[in-house]
Amino acid sequence: MKPSRLLIVILFALAFAVAATAFRPPVFPTTRVGSVAPTAPMLEPRSGQTATLLPDGKVLIAGGMRRNQDFHNSAELYDPATGKFQPTGEMSIARVGHIAVLLRSGRVLIAGGWVGRGGTDSAELYDPGAGKFTVIAKMTIPRGRPSATLLADGDVLIAGGERRDHEPLASAEIFHLNTLSFQGTGSMHYARVSHTATLLNAGRVLIAGGYGDNVVSSAELYDPKSGTFTETGGLGTARSKHTAGLLPDGRVLIAGGSDSRGWNGNLSSAEIYDPRTGKFTAASSLNDSRFKLPDEAVQLQSGQLLMAGGSREVEVYDPARGKFLVVSGYMDDKWHYMTETRLGDGSVLLAGGYPDSDRATAQAWIYRP
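Keep in mind it's a predicted model, so treat the numbers as computed, not measured.

**Here we look at the confidence of the model for the protein**
So, point 1. The pLDDT averaged across the protein works out to 92; a share of 91% of its residues lies at or above 70.
So, point 2. Low pLDDT, under 50, characterises residues 1-30; the stretch is placed with four contacts to residues that sit more than four places away or in other chains.

Below, the structure is given as structure tokens:
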């Protein structure tokens, strides 16, 4: 082949390669959202229990109910090293819908909850070293299903809940770590239960939704410096029994829950609160409607938020895409009032809950990113 013809062939080949590259479909980066699979079951069926990650990496599971009005005072520990649950000390009373907060001391504050058809003011501390619960001073008022938020100074804000059926509370109180005592603080503008409480980066606490006489769309901010609540922008949709999670940029995602119709009013909608503007804006919807969710969505190491409960599907909210992605694998039923706890390796323990009947499950699952 003559040099001139060879040059023409080479130039033609290069031009074809460039053209092919230009018309090749763009390749978008894929986001891995992980999978969920069963792990060893708990020792007891539970719903409405608490789950707290301890300093040694184990998870304290406390209280909950087997079925309506059949509550646990027992507790157990999940050990990620073995993938199994083991018994630990018992609480002083059986309770469900209580709070559990890991304190700076390494102990766990357990307080309030339902005992029968009324709330309780009892409180106790779990010591992981001794494996025992110790009764401490009572709260200022009985509270069933209040919210609890660990503040920047190590104290705990406890807000709302119900004193007894159909008696929601607007009051709030502070648990003081140094004195192991409770003290009243400013009251919310609205009585509410089954709301969410999220600690913002600036140290204030966003209280959103819940129900009093009706399901509410109102939201307010608690300022630890002044000890008062101020109203902020309202939710676009009134909701209760939803979940909330802090996004990496400091905004708060609110998702799911139900409207005033309860079981018949499950929501798939979501919205985002921006502390800079004090407003909520609509976000993309969940892939499945769900309620009776963990109060706090788990933030994964990637910054994504995990949503589990109220559906067989587990979903992850991806802030980069602004949408919910479905995780591989399914749970075997729509478990309500289950718990979700991020473990030391970044996986998440999902445990318990109950389906449409009131009988709880002992089943547990592990989400792996």
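Back to the text.
**Considerations on the pattern of salt bridges**
So, point 1. All chains considered together, the criterion is met by 17 salt bridges.
So, point 2. The salt bridge partner of Arg192 is Glu220, with a shortest N-O separation of 2.6 Å. Taken as a pair, Arg192 in the loop between β17 (181-185) and β18 (196-199) and Glu220 in strand β20 (residues 219-223) lie far apart in primary sequence, 28 residues in all.
So, point 3. Judged by its relative accessible area of 0%, Glu220 falls in the buried class.
So, point 4. Between Arg239 and Glu271 there is a salt bridge, with its nearest N and O atoms 2.8 Å apart. Here Glu271 lies in strand β24 (residues 270-274) and Arg239 lies in the loop between β21 (228-232) and β22 (243-246), a separation of 32 residues in the sequence.

**Regarding the nonpolar core**
So, point 1. Counting residues in hydrophobic clusters, the biggest one holds 17 residues, and the most contacted among them are Leu306, Val314 and Leu350.
So, point 2. Secondary-structure elements contributing two or more residues to this core are β31 (348-351) and β32 (364-368).
So, point 3. In this structure, Leu306 is in contact with Ala297, Val298, Leu300, Val314, Glu315, Val316, Glu340, Val348, Leu350 and Tyr367, ignoring residues within four places of it in sequence.
So, point 4. Counting 14 residues, the second largest nonpolar core, distinct from the first, contains Ile99, Leu103, Leu125 and Val156.

Cut-off values and rules
- Residues numbered from 1 in each chain as written.
- Predicted model: local features only at pLDDT ≥ 70, side-chain atom pairs only at ≥ 80, totals over all residues.
- Heavy atoms only, no water.
- pLDDT = per-residue confidence, 0-100.
- Contact = heavy atoms within 4.5 Å.
- Salt bridge = Lys/Arg side-chain N within 4 Å of Asp/Glu carboxyl O.
- Helix = DSSP H or I, 4+ residues; strand = E, 2+ residues; numbered from the N terminus.
- Buried < 20%, exposed > 50% of the residue type's maximum accessible area, 1.4 Å probe, protein only.
- Core = buried A, V, L, I, M, F, W, Y, C linked by side-chain atoms within 4.5 Å.

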